[in-house]
Amino acid sequence: MRQENCKVVSNRQIADNIFELVLSGELSAAMSQPGQFVHVKVGEGFDPLLRRPISIASIYDGTFTIIYRRQGRGTSMLAEKTPGMSVDVLGPLGNGFPAGEAKPGQTAILVGGGVGVPPMYELAKQLARNGVKVISIIGFQTARAVFYEKELSDFGDVYVATVDGTYGRKGYVTDILDGLEADIVFACGPTPMLRAVENGNYAAKTYLSLEERMGCGIGACFACVCHTKDDPKGFTYKKVCSDGPVFQAGEVVI
Ligand code: FES
């Protein structure tokens, strides 16, 4: 983990309030694991105080891409950044997805919901490179929110679900998952979606990336703890930021 003032290469809106920010910096050389995240300082000085955790969507040739939703003052400030400006980034953080658990010739289903879609891009890229058959299922509220369908199609079939039925299949990602078979499932998205994927037992192995409110991002503040399944009300816990954000299904209470 390191802290660096990374340069903005591009910062563009790709869907309703969704922005794709490409940054360059030596930090990218430390990134290899899909599903890791960075902690981004959106303003100057101490305002806003907290960094924002944003997952890494792609790592490429001295650059890395992060995708965020503009939904408050902090991310609105980030959306104002233009090429050449710098952004204070801490990372890479977290464990990431164990891509090596999917073996060549096996089928992996990647499930992403909303801003849980971005880490699936780098994961799909690495799995496809390793000879794994990749199927992506991505879910959004509505057509205007859909992004990265075409990008993910470079690595395998892509299915899209929207809650209001304005694009792709009407309903939830699990409605599509119900009809598919896989050796392994990787998922990232809102908690109800992760719960549904976990409860569905769609594959022998399932890995879930939790979206949790974070403070420090480095295991020091306890803002992100969750209980383990074998001790749901006790004192055994995991920190999403440093023990996760990726956990095997059945490991923690979600
Ligand atoms: Fe501080 Fe996880 S965010 S311990």
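Residues numbered from 1 in each chain as written. Predicted model: local features only at pLDDT ≥ 70, side-chain atom pairs only at ≥ 80, totals over all residues. Heavy atoms only, no water.

Caption draft 1: A look at helix H2 (residues 118-129). Where burial is concerned, most of H2 is hidden: 10 out of the 12 residues are buried. Residues of H2 that are buried: Pro118, Pro119, Met120, Tyr121, Glu122, Leu123, Ala124, Lys125, Gln126 and Leu127. Buried residues along H2 sit against strand S4 (52-60), strand S5 (63-69), strand S7 (107-113), strand S8 (133-140), helix H3 (149-152) and strand S11 (184-189). Once H2 ends, the next one or two residues include Gly131, with phi positive near 85°. (Buried < 20%, exposed > 50% of the residue type's maximum accessible area, 1.4 Å probe, protein only. Helix = DSSP H or I, 4+ residues; strand = E, 2+ residues; numbered from the N terminus. Contact = heavy atoms within 4.5 Å.)

Caption draft 2: Structural context of the pattern of salt bridges. Enumeration according to the criterion identifies eight salt bridges in this entry. One salt bridge in this structure joins Glu101 and Lys205, with 2.5 Å as the shortest N-O distance. Of this pair, Glu101 sits in the loop between strand S6 (86-93) and S7 while Lys205 sits in strand S12 (residues 205-210); the two residues are 104 residues apart in sequence, bridging distant segments of the chain. Exposure remark for Glu101: the relative accessible area of 29% places this residue in the partly exposed category. Under the relative-accessibility criterion, Lys205 is labelled partly exposed at 29%. (Salt bridge = Lys/Arg side-chain N within 4 Å of Asp/Glu carboxyl O.)

Caption draft 3: Region of interest: the state of the cysteines. Applying the stated rule across the entire model yields zero disulfides. Summary of cysteine pairing: Cys6 is not part of a disulfide, and the nearest cysteine sulfur, belonging to Cys216, is at 20 Å. Residue class for Cys6 comes out buried when judged on its relative accessible area of 0%. (Disulfide = S-S within 2.5 Å.)

Caption draft 4: Local environment of the nonpolar core. Phe97, Leu110, Leu123, Leu127, Phe140, Phe147 and Phe186 are the most contacted members of the largest nonpolar core, which has 31 residues in total. Of all the secondary-structure elements, those providing two or more residues to this core are S7, H2, S8 and S11. Broken down by element, this core gets its largest block of residues, five residues, from H2. Aside from chain neighbours lying at most four places away, what touches Phe186 is Phe97, Pro98, Ala102, Ala108, Ile109, Leu110, Val111, Met120, Leu123, Leu127 and Tyr207. Core analysis: the second largest hydrophobic core is formed by 29 residues, Phe37, Ala187, Leu194 and Cys241 among them. (Core = buried A, V, L, I, M, F, W, Y, C linked by side-chain atoms within 4.5 Å.)

Caption draft 5: Seen up close, the environment of Pro232. Topologically, Pro232 is positioned in the loop between strand S13 (225-227) and strand S14 (237-239). Non-local contacts of Pro232, meaning those with residues more than four positions away in its chain, are made with His227 and Val253.

Caption draft 6: Examining the sheet that holds S5 more closely. The six strands are arranged S1-S2-S5-S4-S3-S6 in a closed barrel whose pairing can be described as antiparallel. Within this sheet the neighbouring strands show an average axis-to-axis angle of 45°, counted without direction. Note that S4 and S5 share four bridges and pair antiparallel. Directly across from Tyr60, in S5, lies its bridge partner Thr63. Lying on the sheet, H2 is in contact with S4 and S5; it crosses S4 at an angle near 30°. (Pairing = 2+ DSSP bridges. Axes fitted to C-alpha atoms, helices over the stretch in contact; angles between N-to-C directions.)

Caption draft 7: Fine view of a nonpolar patch on the surface. Together, Phe222, Val225 and Tyr237 make up an exposed nonpolar region whose accessible area comes to about 260 Å². Within the secondary structure, Val225 is located in strand S13. Taking the relative accessible area as the measure of exposure, Val225 reaches 33% and is therefore partly exposed. (Patch = residues over 30% accessible without salt bridge, like charges linked within 9 Å, V, L, I, M, F, W, Y side chains within 5 Å. Areas by Shrake-Rupley, 256 points an atom, 1.4 Å probe, with all protein chains shown as cover.)

Caption draft 8: Spatial organisation of the sheet that holds strand S15 (residues 246-248). Taken in spatial order, the seven strands line up as S10-S9-S8-S7-S11-S12-S15 in an open sheet, and their pairing is mixed. In this open sheet, the two edge strands, each paired with only one partner strand, are strand S10 (169-170) and S15. The pairing of S7 with S11 spans five bridges and is parallel. Bridge pairing in S11 links Val111 to Ala187. Sheet contacts for H2: S7, S8 and S11; angle to S7, the most-contacted strand, approximately 170°. In the packing of helix H5 (residues 191-200) onto the sheet, the strands contacted are S7, S11 and S12, and the crossing angle to S11 comes to about 165°.

Caption draft 9: Representation of the side chain of Lys81 in the model. Mapped onto the elements, Lys81 comes out in the loop between helix H1 (73-79) and S6. A distance of 3.5 Å separates the side chain of Lys81 from the backbone oxygen of Ser86, its partner in a polar contact. Setting aside its immediate chain neighbours within four residues, Lys81 contacts Val8, Asn11, Val42, Glu44, Ser86 and Val87. (Polar contact = N/O pair within 3.5 Å; in protein donor to acceptor, adjacent residues only side chain to side chain.)

Caption draft 10: Quick look at the packing of aromatic side chains. Within the structure shown, the criterion is met by eight aromatic pairs. Where Phe97 meets Phe186, the ring centres are 5.5 Å apart and the plane angle is 80°; that geometry is what we call edge-to-face. Of this pair, Phe97 sits in the loop between S6 and S7 while Phe186 sits in strand S11, and the two are 89 residues apart along the sequence. With respect to burial, Phe97 and Phe186 carry one shared label: buried. For the pair Tyr121 and Phe155, a centre-to-centre distance of 5.4 Å together with 65° between the ring planes defines the contact as edge-to-face. Of this pair, Tyr121 sits in helix H2 while Phe155 sits in the loop between H3 and strand S9 (156-162), placing them 34 residues apart in sequence. Residue class for Phe155 comes out buried when judged on its relative accessible area of 17%. Ring pairs connect the aromatic residues Tyr121, Phe140, Phe147, Tyr148 and Phe155, which therefore count as one cluster. Stacked on the ring of Phe222, the Lys or Arg Lys239 has its end atom at 4.3 Å from the ring centre. (Phe/Tyr/Trp six-rings, centres within 6.5 Å; stacked < 30°, edge-to-face > 60°. Lys NZ or Arg CZ within 6 Å of the ring centre and 35° of its normal.)

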